[in-house]
Amino acid sequence: MAENPSGWAPKSPANMDNDAPETVTGNKALMLEERLLFEIGHHLKSGVDIDDVGDVTPRIGGLARDRVDLPGLTEPETVRHYTRLSRQNYGIDLGVFPLGSCTMKHNPRLNEKIARLPGFADVHPLQPVETVQGALECINELAHWLIILTGMHGVAMTPKAGAHGELCGILCIRAALEARGDPREVVLVPESAHGTNPATAAFAGYRVENIPANAAGRVDLEALRARLGPDVAGVMITNPNTCGLFEPDMKKISDAVHEAGGYVYCDGANFNAIVGRVRPGDLGIDAMHLNLHKTFSTPHGGGGPGSGPVVLSEALSRFAPLPYTARTEDGFVHLIEEEDAEAFETQHFGGPLDSFGRMTAFHGQMGMFTRALTYMKSHGADGLKQVSEDAVLNANYILRRMEDLLDAPFAHSGPCMHEAIFSDKGFADGISTLDLAKGLIDEGYHPMTMYFPLVVHGAMLVEPTETESRDGLDQFIDAFRHVVERAKGGDESLKGAPYHAPRARLDETMAARKPVLAHKTPAPDGSSTGLGARYGGG
Ligand SMILES: *Cc1c(COP(=O)(O)O)cnc(C)c1O
């Protein structure tokens, strides 16, 4: 049993016993296994009684319902099915979720309370604007605060995720270049950028060229300067970058790009590290997305949807996508669509509006706007500043408590921002970052981001976020250190981990190519559904 320096109670040895007899049900004590909906449902079962509709042939896609064989369950069966599945889920409400670059932060319950108020929850995008003034006011106010926090000129509220926001920003850049009759072909992307950056540039039709990172994990400014020229539309740079480091040369980079006639896209997904302390507008940035589901605490991943407003410089604002909101002097908030855009152009952009088009059918993710605005207002300016301070403090605490044991390639170049990066240097032969991650699952922790960014060998990128307590961090660090020691000491058993998870180590290739989704537990009628013991046969 590993020592627990922070003194929290270890699991009892009985729970760690891998030789425990298998159960006939597949259940492990009160952790229940669950068969697939298609195995437990039946097309004649339903949660509600529906009146006999008389003489019609029910058809779905041209087929009678019983031939489609959609699984039906009773109401209690449905509740149990999804509750059982939810117990096998890991989420931010269960424990530390240290995924680097993802900013899996706590979702305050106040956000949910506000978003569920009927006036917010029940609005419809096609309601007449007179009836949704409150909702439009919220979008407008959130837009205002995003502009203030970033020191930018305008904001496009409609993009529905970070990557969608990147596309919006790059399309604004393309529209600006085309408007001046200077379409360019190349977008430069530093090695330390997030993978979505080159993907976005390529999707928008640009040729992507790489700019190397220097030994300190930052953009090589001289290499960037050397590549700039009349064919370069702009750069896409992540700051703080994916090594968890701030790019101190950002202003110099922006100036050089502007001088060469290009634009600067900054990936702002890591804004959690600098909110309230740095204004991207002061760094010469032209476009930057903000992930409301990261920095501004709206639910992330399966709990989404996401939302990725894009703040824009004066040079790009007039190319922003429609629709957007604008308030007139009488206090009325308008929703600006194509037909009436002309009337508002001078008021908002100080020049002819030249929108590149639309990103979405309606106005963006209203439910997320409500939550993000609630978060901002409940924290206030000082609270948001504290968020970035605490996030950075927590990441540095992990960095400094791990660096004696685990290689931290950039630790010498000073503090990190909101995430700490480690490499697999020093692991015993044959033991990998993946093995370590699986070992962490056995310890009850969702693993950190692995093998990303590519500039660090066997990378482990750890982002604790600001709401983790010192105790919580200590427990995580104890577990992390224990598994690192096993990896460095060549503990072969790590290669079979996880042992205590509902599913053991998968053959990841087989699981992707030939997924075996059926369960090994016999169906109640005794027939076997057994297409293999485990997902992917692993
Ligand atoms: C999360 C993330 C993205 C993509 O954002 P989505 O909302 O997932 O589309 C882009 N860049 C960085 C640095 C990120 O962390």
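Residues numbered from 1 in each chain as written. Predicted model: local features only at pLDDT ≥ 70, side-chain atom pairs only at ≥ 80, totals over all residues. Heavy atoms only, no water.

Draft legend 1. Representation of the packing of aromatic side chains within the structure. In total, this model carries four aromatic pairs according to the counting rule given. Site record: aromatic cluster; members linked through ring pairs are Phe-422, Tyr-445, Phe-476 and Phe-480. (Phe/Tyr/Trp six-rings, centres within 6.5 Å; stacked < 30°, edge-to-face > 60°.)

Draft legend 2. Up close: the site of the ligand. Around the ligand, the structure places 13 residues, and the nearest of them are Ser-101, Gly-162, Asp-267, His-293 and Lys-294. Between the ligand and the protein, one listed contact pairs a nitrogen atom with a side-chain N or O atom of Asp-267 at 2.5 Å. One of the side-chain N or O atoms of His-293 is found 2.6 Å from an oxygen atom in the ligand. Its free accessible area being 380 Å², the ligand has 85% of it covered by the protein chains. With three residues, helix H7 (residues 162–179) is the single largest residue contributor to the shell around the ligand. A class-by-class count of the residues in the shell around the ligand yields three nonpolar, seven polar and three charged. (Near = heavy atom within 4 Å. Polar contact = N/O pair within 3.5 Å; in protein donor to acceptor, adjacent residues only side chain to side chain. Areas by Shrake-Rupley, 256 points an atom, 1.4 Å probe, with all protein chains shown as cover. Helix = DSSP H or I, 4+ residues; strand = E, 2+ residues; numbered from the N terminus. Nonpolar A, V, L, I, M, F, W, Y, C, P; charged D, E, K, R; others polar.)

Draft legend 3. Here's a closer look at the environment of Asn-27. Along the chain, the position of Asn-27 falls in the segment before helix H1 (37–40). For Asn-27, a relative accessible area of 19% translates into the label buried. C-alpha of Asn-27 to C-alpha of Pro-502: the two residues are 475 residues apart in sequence and 9.3 Å apart in space. Not counting residues within four places of it along the chain, the set of residues in contact with Asn-27 comprises Leu-32 and Glu-33. (Buried < 20%, exposed > 50% of the residue type's maximum accessible area, 1.4 Å probe, protein only. Contact = heavy atoms within 4.5 Å.)

Draft legend 4. Seen up close, the packing of helix H13 (residues 366–402) against helix H15 (residues 470–488). With their axes 11 Å apart at the nearest point, H13 and H15 run at an angle of 35° to one another. Helix-helix and strand crossings are classified by hand; for H13 and H15 the assignment is right-handed. From H13, Asn-394, Tyr-397, Ile-398, Arg-401 and Met-402 reach across to H15, where they touch Arg-470, Leu-473, Asp-474, Phe-476, Ile-477, Asp-478, Phe-480, Arg-481 and Val-484. Taken together, the residues of the contact of H13 with H15 sort by class into eight nonpolar, one polar and five charged. (Axes fitted to C-alpha atoms, helices over the stretch in contact; angles between N-to-C directions. Left-handed = near helix turned anticlockwise from the far one by under 90°.)

From the geometry alone we can't say anything about function, so treat these as descriptive.
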